[in-house]
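# Remarks on the overall topology
Listed below are the residues making up each chain.
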Amino acid sequence: MNFYIVSLIKIALVFAIFMTTLAYLQWVERKVLAHIQSRTGPLRVGPHGLMQPLADVFKLLTKEDLLPPYVSRFFYLLAPFIAVSLALIAISIIPFGPEIDVFGYRTYMQISDVNVGILFILAIAAVSVYGVALAGWSSNNKYSLLGGLRSSAQMISYELPFTLVIVSPLLLANHLSLRSIVDSQAGYYLGFIPRWSIFQIPFPQIFAFIIFMIAGFAETNRVPFDLPEAENELVAGFHTEYSSMKFACFFMAEYANMVTITCIATTLFLGGWHPLFPAPYSNWIAPLVFFVAAILCFIAGVQNVRKRDRYTFPVFGIAFLILAAIFAVPLFWQVTMPIFWFCAKVGFLLFTYIWVRGTLPRFRYDQLMKFAWTFLFPCALINLLLTALFVAVF
Amino acid sequence: MDTVLFIIFAVVAIVCAFNLVLQKHPISSALSLIGVMGSLAVLYLLLGAEFIAMAQMIVYGGAVMVLFVFVIMLLNAGSEKASSKSWFAQLAGLPLLCAFVAVLGFFVRAAMPVLRGVRFGTWVGGTAERIGQVLFTQYLLPFEVISILILIAILGAVVLARKEID
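A quick note: this is a predicted structure, and the numbers were derived from the prediction, not measured.

Turning to the overall build of chain A, a few remarks are in order. Per the secondary structure count, chain A includes 15 helices and four strands. Computed over its C-alpha atoms, the radius of gyration of chain A comes to 22 Å, within 12% of the 21 Å expected for a compact globule of 394 residues. Counting over 394 residues, chain A shows a buried share of 52%. In the structure as shown, chain A presents an accessible area of about 18900 Å², 74% of it carried by carbon and sulfur atoms. The positive charge centre, built from 24 side chains, and the negative charge centre, built from 18, are 8 Å apart in chain A.

This is how it looks when you write it as structure tokens:
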């Protein structure tokens, strides 16, 4: 019985945090992109546009829900449902931390540990093409169909290097369960180089990591591989005919896929929740980071540029101070430290996603395909062969 | 719990299979086939063959069916029209089908050994480690032969799809 209650609590917690992350990821993306392009980004709703996600949700909920008469109705309604549910399922097997002790009950910081975890992820990735493909087809619209076709072709092509490149860290870890993969990356070489897959002897997986990230961009249909929704060619690609909540579903699915891919990259290559430095030093990094953030907020609050908004920076400074205090209590370290390191890595990778979106132009379609089949695929294959060789020899 | 799940997904599989045959539009049929694959994967999972279940989803549910759907979308195939049935099919179709199923069932029953009931969750040979071991020791030759066969098929596809260079 305890198991079911704890599982329900975990699911509720992960769901709430995941949803908030999705909403605010969009705010972060707009802000970062804006600053990359010398703009200010959302600024009107709430201080620094912080209430923008809430406003967006209300806007999407209250918009008229159009159902065009020429669509294939059943599939048209099914497609966003497939897209969003598959995107949200994958988070259920991501391990956020080790086994913890909550009031005497031992549990893992993970909803469930599937012993074929990574295959489960691949299965979800394989099936999630249908959301986009069906949306494109059922809309009965040239642009949508082209978007759906492009997306299917792209996802099939990039699944190949994606899958091949996942195999090489698995050879090092010797497990398919995500938690065991993270466990196999614990420890340090020479006392300071972490044993993450990207540094691990006998064959560091740094190339695998890069290929994984590139293929991940393509799998999630993000810039520079966002041809399925290239607006200057296809209006909005596969979701041209969708409005209101159905559009929001695709939107949410895209961001959820992004978070999932970065979580998997963290788990497979960056050692999951294991800190960058050995424990005695790394435990003080989190409070230090928050403390510095608090100081910066206070400084910004003192030299206020925006005369009408005097409270945002001090309030955030206090919030960061409280966070620093929480992360400095050794009693909470068993929960706070894994969460901090996991979120730091995932956050960095998500920032990279946004950074690339602000930096690179879109590929042409033939370039995209050529890149996948003549460069990425052979690279992944060579990497796999070398890893297998090194693992077998040493 | 296992039995309930088994009944649910067995029913889903059979309904999807019937739907696959009855639907007029190719896309509906293809999606029903995906439903069959998915429920079969759940049945494998119930029997303790988690690796096979995931392989089923990745290979059949994912790769193969995506190609099906892709081709249907690319060719923009419309609904099939029911052909006017010949008098022979109208008259003897159903009895012949029944007879065929009965004969097939008879031979299958005769050829198969007596099966004991299946218990959920008792079999442990379905993990990736066990399958890998068996595949690379006991069934090494068939495995390698199939790899070569698939390689030949890929080469054949490349040769057929290659543009003529004059």
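The next thing to look at is the domain arrangement of chain B. One widely used convention gives an interface's size as the accessible area the parts lose upon coming together. What the domain assignment reports for chain B is domain 1 (1-77) and domain 2 (127-166). Summarising the inter-unit geometry, the C-alpha centres of domain 1 of chain B and domain 2 of chain B are found 24 Å apart.

On to the interface of chain A and chain B, then. Contacts between chain A and chain B engage 21 residues on the former and 22 residues on the latter. Surface buried jointly by chain A and chain B totals about 1900 Å² across both partners, of which 83% is contributed by carbon and sulfur atoms. For the chain A face of the interface with chain B, the top three residues by lost area are A:Tyr130, A:Trp137 and A:Leu149, together amounting to 32%. Taken together, the links from chain A to chain B amount to three residue pairs in polar contact (both at pLDDT 80 or more). Put simply, the parts of the chain that give the side of chain A that touches chain B at least two residues each are helix H4 (117-127), helix H5 (129-138) and helix H6 (142-173) of chain A. Here the residues of the side of chain A that touches chain B sort into 18 nonpolar, three polar and no charged.

Each packed pair of helices is defined by two parameters, the angle between the axes and the distance between the axes. All names here are of chain A. Here helix H8 (residues 206-219) crosses helix H15 (residues 365-393) at 150 degrees, and the two axes come no closer than 10 Å. Crossing angle aside, the handedness with which H8 passes H15 is left-handed. Residues Phe-207, Ala-208, Ile-211, Ile-214 and Ala-215 of H8 form the contact with H15, whose participating residues are Phe-371, Leu-376, Cys-379, Ala-380 and Asn-383. For the contact of H8 with H15, the residue count by class is nine nonpolar, one polar and no charged.

What follows deals with the pairing of strand S2 (residues 105-109) of chain A. As judged from the five bridges shared by strand S1 (residues 97-102) of chain A and S2(A), these two strands associate in the antiparallel manner. Its bridge partner being in S2(A), A:Glu99 is matched across the sheet by A:Tyr108.

What follows covers the nonpolar core. Counting residues in each nonpolar core, the largest one holds 107 residues, and the members touching the most others are A:Phe212, A:Leu268 and B:Ile27. The leading source of residues in this core is helix H10 (residues 244-269) of chain A, at twelve residues. Contact partners of A:Phe212, with chain neighbours within four places excluded, come to A:Phe162, A:Val165, A:Ile166, A:Ile261, A:Ile264, A:Ala265, A:Leu268 and A:Phe269. Counting residues in each nonpolar core, the second largest holds eight residues, with A:Ala324, A:Trp333, A:Phe340 and A:Trp341 among its members.

Within H5(A), ten of the ten residues are buried, leaving the element largely enclosed by the surrounding structure. Of the residues making up H5(A), those classed as buried are A:Val129, A:Tyr130, A:Gly131, A:Val132, A:Ala133, A:Leu134, A:Ala135, A:Gly136, A:Trp137 and A:Ser138. If you follow the buried residues of H5(A), they end up packed against helix H3 (73-89), H4, H6 and H10 of chain A together with helix H2 (26-46) and helix H3 (50-75) of chain B.

This paragraph deals with the environment of A:Thr266. All names here are of chain A. Mapped onto the elements of the fold, Thr-266 is located in helix H10. Sequence separation between Thr-266 and Ala-319 is 53 residues; the distance between their C-alpha atoms is 27 Å. Apart from the residues lying within four places of it in its own chain, the contact partners of Thr-266 are Gly-271, Gly-272, Phe-342, Lys-345, Val-346 and Leu-349. Reaching out from Thr-266, the side chain makes a polar contact with the backbone oxygen of Thr-262 at a distance of 2.7 Å.

Residues and elements named next belong to chain A. Counted under the stated rule, the structure contains three salt bridges over all chains. Measuring nitrogen to oxygen at the nearest pair gives 3.2 Å for the salt bridge that ties Asp-56 to Arg-30. A residue pair is termed long-range when its members are at least 10 positions apart, and Asp-56 in helix H2 (residues 52-62) and Arg-30 in helix H1 (residues 2-36) qualify at 26 residues. For Arg-30, a relative accessible area of 33% gives the class partly exposed. The closest approach of N and O atoms between Asp-366 and Arg-364, which form a salt bridge, is 3.0 Å. A relative accessible area of 44% means that Asp-366 is categorised as partly exposed.

What counts, and where the lines are drawn
Each chain has its residues counted from 1, running along the sequence as written. Both sets of labels track the order of writing: A upward for chains, 1 upward for ligands. With pLDDT at 70 or above as the cut-off, local features in this predicted model cover only qualifying residues; side-chain atom pairs require 80 or more to be listed or tallied, and sums for whole chains, interfaces and linings still use all residues. Heavy atoms from the whole structure form the basis of all side-chain values; hydrogens and water molecules are not counted. Runs of H or I in DSSP of at least four residues are treated as helices and runs of E of at least two as strands, each being numbered from the N terminus. Radius of gyration: over C-alpha atoms. The globule rule applied is 2.2 Å multiplied by the number of residues raised to the 0.38 power. Buried means the residue's accessible area, taken with a 1.4 Å probe over protein chains only, is under 20% of the maximum for its type, while exposed means over 50%, and partly exposed covers the values in between. The method behind every accessible area is Shrake-Rupley, applied with a 1.4 Å probe, and residues are considered shielded solely by the protein chains displayed. Positive charges are assigned to Lys and Arg, negative charges to Asp and Glu, while His and the chain termini are left out of the count. Each charge is placed at NZ for Lys, CZ for Arg, CG for Asp and CD for Glu. Just so you know, the domain bounds were taken from an automatic or database domain assignment. The contact criterion used throughout is that any non-hydrogen atoms of two residues lie within 4.5 Å. Put simply, buried area is how much 1.4 Å-probe accessible surface two parts lose in total, over both of them, once they are put together. For the purposes of these results, a polar contact is taken to be a pair of N or O atoms within 3.5 Å, where, inside protein, one atom must be able to donate a hydrogen and its partner to accept one; residues adjacent in sequence count only when each atom of the pair is a side-chain atom. Charged means Asp, Glu, Lys or Arg here, nonpolar means Ala, Val, Leu, Ile, Met, Phe, Trp, Tyr, Cys or Pro, and polar covers whatever is left, Gly included. Interaxial angles span 0 to 180 degrees and are taken between N-to-C directions of axes, which are lines fitted to C-alpha atoms, for helices over the stretch in contact. Handedness of a helix crossing follows the sense of rotation of the near helix relative to the far helix, less than a right angle counterclockwise being left-handed and clockwise being right-handed. We call two strands paired when DSSP finds no fewer than two bridges between them. Definition used in this section: a nonpolar core is a set of buried Ala, Val, Leu, Ile, Met, Phe, Trp, Tyr and Cys residues joined via side-chain atoms within 4.5 Å. Whenever a carboxyl oxygen of Asp or Glu lies within 4 Å of a side-chain nitrogen of Lys or Arg, that contact is scored as a salt bridge.

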